[in-house]
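Next come the chains, spelled out residue by residue.
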Amino acid sequence: MLMTYLIADAVFAIAFAITIRRHPKLDGPRHWFFACLLLFTGFLGLCLRGIIPDILSIVIANSVILAGGVFRWTGIRGFFGLRCHGWLLPVLFVLPATALLGLFMAVWPSIPARQITMSVFTILISLFVVRDILRRRNSALIMETNLLIFFVGAEAVIHFIRMITLMMTQTPVNSFLQSQDQPDRFFFMLLFIVGLARLLILVTLVSARLQDELNQLATQDHLTQLPNRRWLLERLKHGIEVERRGGKQLALLMLDLDRFKAVNDSLGHAAGDELLQQVAARIQSRLREVDMVARLGGDEFIVLLEDIAHPEDAARVAEDIVADLSRPFQLTRGNEADHEQYHEVQIGASIGISLYPQHGSNPELLIEQADTAMYEAKQAGRGCFAYFSEELTIAVRKRIALEDRLRKAIEQRELRVFYQPQIDIASNRIIGAEALVRWQSPVDGLIAPVNFIPIAEETGLIIAIGEWVLRETCRQGRLWLAAGFSPLTLAVNVSPHQFRRCDISALVEKILAETGFPAGLLELELTESGLMDNQDKAVE
């Protein structure tokens, strides 16, 4: 049995040596190679008891075996991204064990004392190994790591049962490792089997890690760690299928950096690489979790926006990205001849947008259309976006400009409330009025609600507009009452979006308290469809 283990240990040592030669930067195999050498040497020393002095076959051999176990542990730490601590761990574990083994051989020369010492230190190492694996377990290698935990735990359990057996059984002082009169001979057989299985799992872990890295190289850009063109095409193809079944749309944003070549030429490729990494980080910060950004190569990036509600949603993301990339970048790398520590550079970005299904029904066509649109954006002056359709580009830019103006209009009090009277036909008297909001633009004059209320509802500005209209109506109604006019019932339209997104009851109560307008004279109007969409709040 021991000879079989020695042969297998040598085979695994050769396998780890080949791995080290082919993948020198991979943590783990180097430590496991030394672990195999130490275990082989230690067990060989145990086999030669009677031929070599006892100090070598007992104390030194067992210490070397324990050192092999520690190196196996440090290899696992390195493989899972933890510090190996150099020679600190072997010194902390091996030196005390060597001292105890030497003491037992000189003072209490019994097999159980030495083997219990080895079992105690082995159990401690196993517990630390399991702890480290659980701390940094990789979800991509979950099956292999679970098997490794199982076999390491099994080794600790076997050693624990072995300790109990040794404490309860008398063993002759001069008993050999594989002697028939040794009570834990059966446990050695189990430990050899578990040890071989553990080595096999370590080899499997290395193979799985290398395969995972190959997959990443095939689908990931090594510089920015973003998906590459291959991954993008797979994701885009899947996204088209999903949107086709759901009747929805997606957008593809082709992004090219402006003035990147000047940075690369003046500061060097290292600075250019750092700039690309920072650009990738800024783009990612502007996206949702479901969105994706990929690097095609050079200074070209592609953003995939799935499940968008309106074409202008893509334009808003494009504007955010353009604005963010227009801010200065701080670079720490540069030419060796340049002694400045930091370099501040400023670039820009031009973005072309294609939409599914409007501009194409397959990944290649959508990318081609977005690329065409991107060159249109460059010709339009850079630092902007363009759709593949010129008409859509103009319409979306107008819509976004109107949204920006509407935000400023709320702040600059350009909104007005007009009142449409309600007349009692019998008495020909005004008994109430409906509050109607209008936008008094200094540029375009009076703008009807149909031209800005839909935008306000999509962007959430309707919350602020609705609150202002309600407060202004109650304030005006209170002024009319104070001026001696007959009480009028004032009706205010409530948007379904306002009804859904805010506590309308609390808002009305607050405004009535602030303005002093009687609650009995205020009516809130909501369409039937708005009530059906918000049944829960309507009941409340």
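The shown structure was predicted, so the numbers you read here are calculated from the model rather than taken from an experiment.

What counts and how
All residue numbers here refer to positions counted from 1 along the written sequence of the relevant chain. Given that this is a predicted model, residues contribute local features only at a pLDDT of at least 70 and side-chain atom pairs are listed and counted only at 80 or more, while totals for whole chains, interfaces and linings are drawn from all residues. Side-chain measures here rest on the full set of heavy atoms in the structure, leaving out hydrogens and waters. Patch membership requires over 30% relative accessible area and the absence of a salt bridge. Like charges are linked within 9 Å, and nonpolar side chains (Val, Leu, Ile, Met, Phe, Trp, Tyr) within 5 Å. Surface accessibility follows the Shrake-Rupley procedure with a 1.4 Å probe radius. Residue values consider only the protein chains on display as shielding. Between Lys or Arg on one side and Asp or Glu on the other, a salt bridge is scored when a side-chain nitrogen of the former is within 4 Å of a carboxyl oxygen of the latter. Counting from the N terminus, the helices are the DSSP runs of H or I reaching at least four residues and the strands are the DSSP runs of E reaching at least two. To pair, rings of Phe, Tyr and Trp, with the six-membered ring standing in for Trp, must have centres within 6.5 Å; the planes then decide the type, stacked if under 30 degrees apart, edge-to-face if over 60, and tilted in the middle. Between buried and exposed lies partly exposed: a residue is buried under 20% and exposed over 50% of the maximum accessible area for its type, with that area taken using a 1.4 Å probe on protein chains only. Here the axes come from fitting lines to C-alpha atoms, over the contacting stretch only for helices, and the angles between their N-to-C directions go from 0 to 180 degrees. Any angle that falls under 35 degrees is termed roughly parallel, while one over 145 is termed roughly antiparallel, one within 65 to 115 roughly perpendicular, and all others oblique. We call two residues contacting when some pair of their heavy atoms lies within 4.5 Å. What makes two strands pair is DSSP finding at least two bridges between them.

Participant: What is the right way to look at a nonpolar patch on the surface in this model?
Facilitator: Together, Val 157, Phe 160, Ile 161, Ile 164, Met 167 and Met 168 make up an exposed nonpolar region whose accessible area comes to about 620 Å². Topologically, Met 167 is positioned in helix H6 (residues 142–168).

Participant: Honestly, the packing of aromatic side chains in this entry has me stumped. Any pointers?
Facilitator: This model, assessed by the stated rule, comprises eleven aromatic pairs. Relative to Trp 32, the ring of Phe 16 lies with its centre 5.7 Å away and its plane at 50°, an arrangement referred to as tilted. Of the two residues, Phe 16 sits in helix H1 (residues 2–22) while Trp 32 sits in helix H2 (residues 29–47), which places them 16 residues apart along the sequence. The exposure class of Phe 16 is buried, given its relative accessible area of 2%. Chaining the aromatic ring pairs together yields one cluster made of Phe 16, Trp 32, Phe 79 and Phe 80.

Participant: How should I be thinking about the packing of helix H8 (residues 229–246) against helix H12 (residues 363–379) in this particular structure?
Facilitator: For any two helices packed against each other, one specifies the crossing angle of their axes together with the interaxial distance. For the pair H8 and H12, the least separation of the axes is 9 Å and the interaxial angle reads 110°. In this view, H8 runs roughly perpendicular relative to H12, as classed from their interaxial angle. Two secondary-structure elements touch here, H8 through Arg 229, Leu 232, Leu 233, Leu 236, Lys 237 and Ile 240 and H12 through Pro 363, Leu 366 and Ile 367.

Participant: Where do I start with the pairing of strand S3 (residues 300–308) in this structure?
Facilitator: As a general feature of sheets, a regular strand has side chains that alternate between the two faces. Among the nine residues that make up S3, eight are buried, leaving the element largely enclosed by the rest of the structure. As paired elements, strand S1 (residues 249–258) and S3 share seven bridges and run antiparallel to each other. Residue pairing for S3: Ala 251 is matched across the bridge by Leu 305. Where strand S2 (residues 292–297) and S3 come together, five bridges link them in antiparallel fashion. Each residue of the ladder has a partner; that of Arg 295, found in S3, is Phe 301. From the end of S2 to the start of S3, which pair antiparallel, there are two residues, and Gly 298 there has a positive phi angle of about 60°.

Participant: What am I meant to see in the environment of Phe 121 here?
Facilitator: Along the chain, Phe 121 turns up in helix H5 (residues 111–135). What makes Phe 121 buried here is its relative accessible area of 12%. For the pair Phe 121 and Leu 66, spaced 55 residues apart in sequence, the C-alpha to C-alpha distance is 7.7 Å.

Read these as geometric descriptors, not functional statements.
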